[in-house]
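Each chain, written out:
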Amino acid sequence: MKYTFPENFWWGSAASGPQTEGAADVDGRKPSIWDYWYTKEPGRFFNGVGPANTSNFYYQYKEDIALMKETGHNSFRTSIQWSRLIPDGIGEVNPKAVDFYNRVIDEMIAQGVTPFMNLYHFDMPMSMQEKGGFESREVIDAYATFAETCFKLFGDRVKHWFTFNEPIVPVEAGYLYDMHYPNVVDFKRAVQVAFGTTLAHAKAVKAYHGLKQDGKIGIILNLTPSYPRSQNEADLRAAHLADLIFNRSFLDPVTLGEFPKDLVELLREKNFLPEYTEEDLVTIKENIIDILGVNYYQPRRVKAKEYMPHPDAPFVPEHLFDNYEMPYRKMNPYRGWEIYEKAIYDIAINIRDNYNNMPFFISENGMGVEGEDRYRNHEGYIEDTYRIDFIKSHLQWLHKAISEGSNCQGYHLWTFMDCWSWANAYKNRYGLVEVNLDDNYKRTVKASGKWYKTLASENGFEA
């Protein structure tokens, strides 16, 4: 069967500034929370590999953009690093950063690769974290200023803007589960960070629309469908609560302008409501997005609680439900994630039916594999047929959703080239292009990159 996608479909990939640029301490850039954390606890990063150099895009961007063209990209998302553009978080704009991002944007356009630009990818400037991060009104306003600065500097050419990538992740990882800096375990503070992030997002949307630059602005959310173990009422309730916390906490306010009533009631009941003003709620209500980016990797399966948590334990979402491991599920053993392709269809239909069929695109989807070098063939490139199969199987379900009226406009793979991945560093590789860290960051297109070129040029594939 031939799977053909809509005309002008976006084929490309996604990455971020901090994960690819490197050059962390040159040309005026100042530390983000990642640079700071690595100096304090390098042992919490896989093999001790920190964020200083990552994949060298800062120096090899022309080669990389040529490879984007070679692998079929008509679009590509990356991010502008706040700590590079405005090194102190507020105040002076770094002219060397302006020059770099101008060169990248111009080169992409010259190669026929439409730039999609994100403004925040987990990379809080350390100077802003010291002021409280998104718990702080000063930082919320500083972010809005940073966003408006980017629109004014680059908005004449960049017409697809995104305020945040996966805003729930810094909330979870930084304020609930001790996975990322600042390593806080405090649900009330996590809620305040989530609200502050939503407000900062809305202020950036307001600034962009006010400039009337004839483009679109959105946000990138990692949507993880919450599937109940069974149709038992207790399991259904557990799935509903998980969905409220991990999906709808951001999805509803950015698309509908309001937080879910059930979530508000839950937070009120637990005494976890954030501090806010009525003006804040109006700002969120009046500044919804034009387009949504959806990152999808794995489903969330949940069941009703089997045992009550210790009364003195810090509150976490799992006090309301248990995670459920479905027997015989298909797995990516390297990442420990379930592979469940139909969820991408379920997400698309949910947006169609419950979110006004908002224009969206798959902004990340991908498969990380450890030790890919063992799949190198006699011609010297990696035969990652498992990645091709992964993409195909997800695209089949996405195609079905589009055929049923879902307003999906594109598919971006995570990621273009192997990149540094936070505390995981280079443990798992996701790229269409291999990056050899031991050979001056040499790039080699994998089998998936060659296939992706055919996928994009034919606007579909046979299966």
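Conventions adopted
- Residues numbered from 1 in each chain as written.
- Predicted model: local features only at pLDDT ≥ 70, side-chain atom pairs only at ≥ 80, totals over all residues.
- Heavy atoms only, no water.
- Helix = DSSP H or I, 4+ residues; strand = E, 2+ residues; numbered from the N terminus.
- Rg over C-alpha atoms; globule rule 2.2 N^0.38 Å.
- Buried < 20%, exposed > 50% of the residue type's maximum accessible area, 1.4 Å probe, protein only.
- Contact = heavy atoms within 4.5 Å.
- Areas by Shrake-Rupley, 256 points an atom, 1.4 Å probe, with all protein chains shown as cover.
- Lys, Arg positive; Asp, Glu negative; His and termini not counted.
- Charge placed at Lys NZ, Arg CZ, Asp CG, Glu CD.
- UniProt positions renumbered as here; feature names shortened; annotations may be inferred.
- Polar contact = N/O pair within 3.5 Å; in protein donor to acceptor, adjacent residues only side chain to side chain.
- Pairing = 2+ DSSP bridges.
- Axes fitted to C-alpha atoms, helices over the stretch in contact; angles between N-to-C directions.
- Salt bridge = Lys/Arg side-chain N within 4 Å of Asp/Glu carboxyl O.
- Core = buried A, V, L, I, M, F, W, Y, C linked by side-chain atoms within 4.5 Å.
- Phe/Tyr/Trp six-rings, centres within 6.5 Å; stacked < 30°, edge-to-face > 60°.
- Lys NZ or Arg CZ within 6 Å of the ring centre and 35° of its normal.

## Digging into the overall build of the chain
Per the secondary structure count, the chain includes 15 helices and 17 strands. Since a compact globule built from 463 residues should have a radius of gyration of about 23 Å, the 21 Å found for the chain is in line with a globular shape. If one aligns the C-alpha atoms of the chain with their principal axes, the spans along those axes are about 60 × 55 × 45 Å. A buried classification covers 59% of the 463 residues belonging to the chain. Sequence-distant contacts in the chain: of pairs separated by 6 or more residues, those separated by 24 or more amount to 77%. Of the roughly 18600 Å² that the chain leaves accessible, carbon and sulfur atoms contribute 49%. Between the mean site of the 50 positive side-chain charges and the mean site of the 64 negative ones, the chain shows a separation of 1 Å.

## Some words on the UniProt feature "active site" (unreviewed entry) in the chain
The sites that UniProt annotates as "active site" (unreviewed entry) are Glu 364. As for its position among the elements, Glu 364 is in strand 13 (residues 360–364). The residues touching Glu 364, leaving out its near neighbours within four places in the chain, are Ala 14, Arg 77, His 121, Asn 165, Glu 166, Val 294, Asn 295, Tyr 296, Tyr 297, His 412 and Trp 414. Of the polar contacts made by the side chain of Glu 364, one reaches the side chain of Arg 77; its length is 2.9 Å.

## Considering the pairing of strand 5 (residues 160–165)
Counting buried positions along strand 5 yields 6 of 6 residues, so the element is predominantly enclosed. Pairing between strand 4 (residues 114–118) and strand 5: 3 bridges, direction parallel. The residue bridging Asn 118 from the neighbouring strand is Phe 162, located in strand 5. Sheet topology places strand 5 next to strand 6 (residues 216–222); 4 bridges connect them, and they run parallel.

## Side note on the side chain of Asn 222
Following the sequence through the fold, Asn 222 ends up in strand 6. Excluding its chain neighbours within four sequence positions, the residues that come into contact with Asn 222 are Glu 166, Ile 168, Val 169, Phe 246, Asn 247 and Asn 295.

## A closer look at the sheet that holds strand 6
Within a sheet, adjacent strands bond to each other through the backbone by hydrogen bonds, running parallel or antiparallel. Reading around the barrel, the 8 strands line up as 2-3-4-5-6-8-13-14 and close back on themselves, with parallel pairing between neighbours. With strand direction ignored, the average angle separating the axes of adjacent strands in the sheet is 25 degrees. Strands in contact with helix 7 (residues 137–154) are strand 5 and strand 6; relative to strand 5, the strand with the most contacts, it is inclined by about 155 degrees.

## Some details on the pattern of salt bridges
Taken as a whole and judged by the stated rule, the model has 37 salt bridges. The residue Glu 21 makes a salt bridge to Arg 84 at a minimum N-O spacing of 2.8 Å. Taken together, the residues Glu 21 in the loop between helix 1 (17–20) and helix 2 (33–40) and Arg 84 in helix 4 (residues 82–85) connect sequence positions 63 residues apart. Taken as a pair, Glu 21 and Arg 84 share a single burial class, namely buried. Each member of the salt-bridge network shares a partner with another, and the members are Glu 372, Asp 384, Arg 387, Asp 418, Arg 429 and Lys 446.

## Some details on the nonpolar core
In terms of nonpolar packing, the biggest core is built from 133 residues, with Trp 82, Phe 134, Tyr 143, Phe 154, Trp 161, Leu 292 and Tyr 411 touching the most fellow members. Broken down by element, this core gets its largest block of residues, 13 residues, from helix 9 (residues 187–211).

## A few points about the packing of aromatic side chains
Counted by the stated rule, this structure contains 51 aromatic pairs. Relative to Tyr 452, the ring of Trp 11 has its centre 6.4 Å away and its plane inclined at 90 degrees; by these criteria the two rings are edge-to-face. One end of the pair, Trp 11, is in strand 2 (residues 10–14); the other, Tyr 452, is in helix 15 (residues 447–458), with 441 residues separating them in the sequence. As far as the burial class goes, Trp 11 and Tyr 452 line up, both buried. Pairing Phe 246 with Phe 321 gives two aromatic rings, centres 6.3 Å apart and planes at 75 degrees, and the pair type is edge-to-face. A residue pair is termed long-range when its members are at least 10 positions apart, and Phe 246 in helix 10 (residues 233–256) and Phe 321 in the loop between strand 9 (300–303) and strand 10 (322–323) qualify at 75 residues. The pair Phe 246 / Phe 321 is uniform in exposure class, with both members buried. Ring pairs connect the aromatic residues Trp 34, Trp 37, Tyr 38, Phe 45, Phe 122, Trp 420 and Trp 422, which therefore count as one cluster. Here the basic side chain of Arg 300 rests over the ring of Phe 246, its NZ or CZ set 3.9 Å away from the ring centre.

## Topic: the side chain of Ser 75
Along the polypeptide, Ser 75 turns up in strand 3 (residues 75–79). Residue Ser 75 is classed as buried on the basis of its relative accessible area of 0%. A distance of 2.8 Å separates the side chain of Ser 75 from the side chain of His 412, its partner in a polar contact. Beyond its immediate stretch of four places on either side in the chain, Ser 75 contacts Trp 10, Trp 11, Gly 12, Ser 13, Val 113, Thr 114, Phe 116 and His 412.

## Description of the pairing of strand 6
Most of strand 6 sits out of view: 6 of its 7 residues are buried. Pairing between strand 6 and strand 8 (residues 291–295): 5 bridges, direction parallel. Residue Ile 219 lies in a different strand from strand 8, and its bridge partner there is Leu 292.

## Focus: unusual backbone geometry
Looking along the chain, the bond that leaves Tyr 181 and enters Pro 182 is cis, with omega of 15 degrees. As for its placement among the helices and strands, Pro 182 is situated in the loop between helix 8 (168–175) and helix 9. In this chain, Trp 414 is followed by Thr 415 through a cis amide linkage whose omega measures 10 degrees. Take Thr 415: it is sitting in the loop between strand 14 (408–414) and strand 15 (433–436). Positive phi, close to 70 degrees, is recorded for Phe 122, a residue that is not glycine. Position of Phe 122 relative to the elements: it lies in the loop between strand 4 and helix 6 (126–129).

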